[in-house]
Amino acid sequence: MFKGKARAYTNIALIKYWGKKDEEFILPMNNSLSLTLDAFYTETEVIFSDTFTKDEFYLDGEQQDEKATKKISTFLDLVREKGQTTLNAQVISQNFVPTAAGLASSASGLAALAGACNEALQLGLDNAGLSRLARRGSGSACRSIYGGFVEWEKGVDDFTSYAKQIPSDHFEDDLAMVFLLLNDQQKDVSSRDGMRRTVETSSFYQGWLDSLDADLAQLKQAITDKNFQSLGETMERNALKMHGTTLAANPPFTYWSPDSLKAMQAVRDLRKQGVPCYFTMDAGPNVKILVEKKHLAAVKTACNHLFSEKQVVSAQAGSGITIIK
Ligand code: 2P0
């Protein structure tokens, strides 16, 4: 029997990953850049044993259905190949997220699973190797191997596509992110389907790709200069552009809800009142607000006027993957 357990934190992209050029290897169309956060994480234990007749996947104490287990099994097949074993496994995962979060946890989930497998089968992967492995489970997971600011370099193949931490001189320690949890329903269009439909059909997609180098360069410069305004403006612009591509897909779709628009307006109003803060959104209606810690209280107060207390959750920069003994 071989066992391993790891914890990984979620990350939010400031420059979004939106589209694959290779579905099997999960190679992205563009580089993305994220901030790892401490508020939401996953702990996963994996046990490989000859007593198991098939793979089993438990999430928050409940055994998962065939579809969810299949995704894990496909990932475990890669791990078994690397570890030269045919043993079945039990995967026991716990998501630490506030109830009714409606937050996708594939980034922290697959990163934690990659770390647990590395430990269990003594694969000897370094962070780059772990990032490559996590990527095969879910693209955004490759960024959750590291804390702070992280760039996923798109690369050209399996070996060259992985994430790296970006030197930041602790700029992330000045920052906070407020999560507005606006919906806990299963989404209509998964991020995987949404990005595929956008790549294949959206007439705005090329415009998105053409503008990314400039956004990425500006965001990296903002990190180097510790320029919060430039960081926030670039992040917000990049998110709006990503969401714009979905409107031109066929059939068109959007992840925005009326509450998302309400939250975006609240951020713009805060800026008018002299509170620097900026929003971003992912493949769902939740809005995330980036703010310097010195203005966190003002942002939370404004959000608490609009939404219930349990919908407003703040986070700060989180760390990379940790092995749990
Ligand atoms: C991101 N998203 O950069 C972007 C922004 C959603 C919007 O990465 O198909 O769950 O497993 O590689 O990583 C969500 O997509 O997708 C995502 P797969 P993943 O965070």
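Our subject is the structure listed above.
Every chain is numbered on its own, with residues counted from 1 as its sequence reads. Restriction of local features to residues with pLDDT of at least 70 applies here, the model being predicted, together with a cutoff of 80 or more for giving and counting side-chain atom pairs; totals for whole chains, interfaces and linings are based on all residues. As a convention, hydrogens and water are excluded, and side-chain values are obtained from all of the structure's heavy atoms.

Q: Can you walk me through the packing of helix α5 (residues 205-225) against helix α6 (residues 228-247) in this structure?
A: Each pair of packed helices can be described by the angle between their axes along with the distance between the axes. At their nearest, the axes of α5 and α6 sit 9 Å apart, and the two run at 165° to each other. Regarding the angle of α5 to α6, the classification is roughly antiparallel. The element α5 and its partner α6 pack so that their crossing is left-handed. On α6, the residues that touch Y205, W208, S211, L212, D215, Q218, L219, A222 and I223 of α5 are S230, L231, T234, M235, R237, N238, K241, M242 and T245. Of the residues assigned to the contact of α5 with α6, the class counts are nine nonpolar, six polar and three charged. Lines fitted to C-alpha atoms define the axes here, with helix axes fitted over just the stretch in contact, and angles between the N-to-C directions of these axes take values from 0 to 180 degrees. Numbering of helices and strands runs from the N terminus, with a helix taken as a DSSP run of H or I at least four residues long and a strand as a DSSP run of E at least two residues long. Angle categories are assigned with fixed cut-offs, so that under 35 degrees is roughly parallel, over 145 is roughly antiparallel, 65 to 115 is roughly perpendicular, and the rest are oblique. Rotating anticlockwise by less than a right angle from the far helix to the near helix defines a left-handed crossing, while the corresponding clockwise rotation defines a right-handed one. Throughout, a residue-residue contact means that at least one pair of heavy atoms, one from each residue, lies within 4.5 Å. By the convention adopted, Pro, Cys, Tyr, Trp, Phe, Met, Ile, Leu, Val and Ala count as nonpolar, Lys, Arg, Asp and Glu as charged, and the other residues, Gly among them, as polar.

Q: Looking at this structure, how should I read the packing of aromatic side chains?
A: The relation between two aromatic rings is expressed through the spacing of the ring centres and the mutual angle of the planes. Only Phe, Tyr and Trp rings are paired, with Trp represented by its six-membered ring, and only when their centres lie within 6.5 Å; those with planes under 30 degrees apart are stacked, over 60 edge-to-face, the remainder tilted. For the structure on display, the rule yields eight aromatic pairs. Pairing F40 with F179 gives two aromatic rings, centres 4.6 Å apart and planes at 75°, and the pair type is edge-to-face. With a gap of 139 residues between them, F40 in strand β4 (residues 32-49) and F179 in strand β10 (residues 175-180) connect regions that are remote in the sequence. Here F40 matches F179 in class, with each residue buried. Joined through ring pairs, the aromatic side chains of Y9, Y41 and F96 make up one cluster. Just above the ring of F159 sits the side chain of R132; from NZ or CZ to the centre is 4.1 Å. Here, a charge over a ring is recorded when the distance from Lys NZ or Arg CZ to the ring centre is within 6 Å and its angle to the ring normal is within 35 degrees. Sitting over the ring of Y162, R132 keeps its end group 4.6 Å from the ring centre. For every residue, the accessible area obtained with a 1.4 Å probe (protein chains only) is divided by the maximum for its type, and the residue is called buried under 20%, exposed over 50%, and partly exposed between those limits.

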